[in-house]
Amino acid sequence: MISPARVLVIDDDPALLSSVVAALGAEGFAVKGLPDGSELPEALRAFVPDLVVLDWMLPGASGIRLAATVRTSSDAAVVMLTARDELDDRLRGFAEGVDDYVVKPFSVAELLARIGAVLRRRGRIPAVIEVADLVVDPEAAVTTRSGVALDLTATEQRLLTFLAESRGRTVSKTQILTQVWGYDDYDPNLVEVHLSSLRKKMEREGPRLIHTVRGLGYRMSA
């Protein structure tokens, strides 16, 4: 049986650090939190993380410098938390081996989804996602329900994958637009149209799994 993926979180905001560590722990990850990068080398040796979440703006060594340390000292993935969303900054981060970015302010659901996607690509958590009788395989772009393959479009598959990765948590239309379409300024009705089609296909094989949370968004749960 595969051991829990290990995630190291470094952020100097105590409230944010506490909430991210708690959320990761609730998802079954082995997790360690640090307020700055001074203990990073020791944590890489002793904790041996599979993934490191780094705040870009840290006291002392910046997150981007710490990302270079991670890359040269371990094979851990890096997800960067940043308020800097300029292309040059992101390109610099990717050059230092950053695997993904989450732009502040963000929801914990978005961060967990991004972490899950990176770890799945690296084979550290199961490639398939199961919610009740629904099985989503993001890599193969295949979904079954009660053993029956669902005939989904590419967009519906991406939408369902994001909702499954965020299962149990409410995600807003803006978060869905950003994660599925890559932009947050499309017409929110786009989400409703695709969700309606997706629900019809899913509910031919079983009860509703994608629930509307009035005024907030959507949540996938059995």
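Shown above is the structure to which this text applies.
Remember, predicted model here, so these are calculated numbers, not experimental data.

Chemist: Would you explain the nonpolar core in this entry?
Modeler: Nonpolar side chains in soluble globular proteins generally cluster together in the buried interior. Core analysis: the largest hydrophobic core is formed by 26 residues, its most contacted members being Leu134, Leu160, Leu163, Ile176, Met202, Ile210 and Met220. Secondary structure elements with two or more residues in this core: helix H5 (108-121), strand S6 (129-131), strand S7 (134-137), helix H6 (154-165), helix H7 (173-181), helix H8 (189-203) and strand S12 (217-220). With five residues, H6 is the largest single contributor of residues to this core. Once residues within four sequence positions are removed from consideration, methionine 220 is found in contact with Val131, Leu134, Leu160, Leu163, Ala164, Arg167, Gly168, Arg169, Met202, Leu209 and Ile210. The next biggest cluster of nonpolar side chains, apart from the first, holds 22 residues, and it includes Val7, Leu24, Leu51 and Val79.

Chemist: How should the sheet that holds strand S3 (residues 51-55) be read in this particular structure?
Modeler: Backbone-to-backbone hydrogen bonds pair the strands of a sheet. The strands run either parallel or antiparallel. Pairing is parallel in the open sheet, where five strands are placed in the order S2-S1-S3-S4-S5. What marks the edges here is a single partner per strand, and that holds for strand S2 (30-34) and strand S5 (100-103). Taken over all neighbouring pairs, the strand axes of this sheet differ in orientation by 20° on average, direction set aside. Strand direction decides the pairing type here: strand S1 (residues 6-10) and S2, joined by five bridges, are parallel. Bridge pairing in S2 links valine 7 to valine 31. In this fold helix H1 (residues 14-26) packs onto S1, S2 and strand S4 (77-82), with an angle of close to 175° to the strand it touches most, S2. Lying on the sheet, H5 is in contact with S1, S3, S4 and S5; it crosses S5 at an angle near 180°.

Chemist: Teacher, can you tell me more about the sheet that holds S7 here?
Modeler: As summarised here, the arrangement of the four strands in space is S6-S7-S8-S9, forming an open sheet in which the pairing is antiparallel. This sheet does not close on itself; its edge strands, each paired only once, are S6 and strand S9 (148-149). Examined bridge by bridge, S7 and strand S8 (residues 142-145) share four bridges and lie antiparallel to one another. Residue pairing in the sheet places valine 136 in a bridge with threonine 143 of S8.

Chemist: Where do I start with the environment of proline 188 in this structure?
Modeler: Along the chain, proline 188 turns up in the loop between H7 and H8. As for proline 188 and glycine 63, which are separated by 125 residues in sequence, their C-alpha atoms are 34 Å apart. The residues touching proline 188, leaving out its near neighbours within four places in the chain, are Lys173 and Leu177.

Chemist: I'm lost on the side chain of glutamate 110 in this one. Help?
Modeler: Note on placement: glutamate 110 falls in helix H5. On the basis of relative accessible area, glutamate 110 is assigned to the buried category, the value being 10%.

Chemist: It is not clear to me how the pairing of S7 should be interpreted in this structure. Could you clarify?
Modeler: The two faces of the sheet receive side chains in turn, since in a regular strand these alternate between them. Residue alternation in S7 divides its side chains into a buried set, Leu134 and Val136, and an unburied set, Val135 and Asp137. With antiparallel pairing between neighbouring strands as the criterion, S6 and S7 make up a hairpin whose turn holds two residues, including alanine 132 at a positive phi of roughly 55°.

The rules behind these values
Residues numbered from 1 in each chain as written. Predicted model: local features only at pLDDT ≥ 70, side-chain atom pairs only at ≥ 80, totals over all residues. Heavy atoms only, no water. Core = buried A, V, L, I, M, F, W, Y, C linked by side-chain atoms within 4.5 Å. Buried < 20%, exposed > 50% of the residue type's maximum accessible area, 1.4 Å probe, protein only. Helix = DSSP H or I, 4+ residues; strand = E, 2+ residues; numbered from the N terminus. Contact = heavy atoms within 4.5 Å. Pairing = 2+ DSSP bridges. Axes fitted to C-alpha atoms, helices over the stretch in contact; angles between N-to-C directions.

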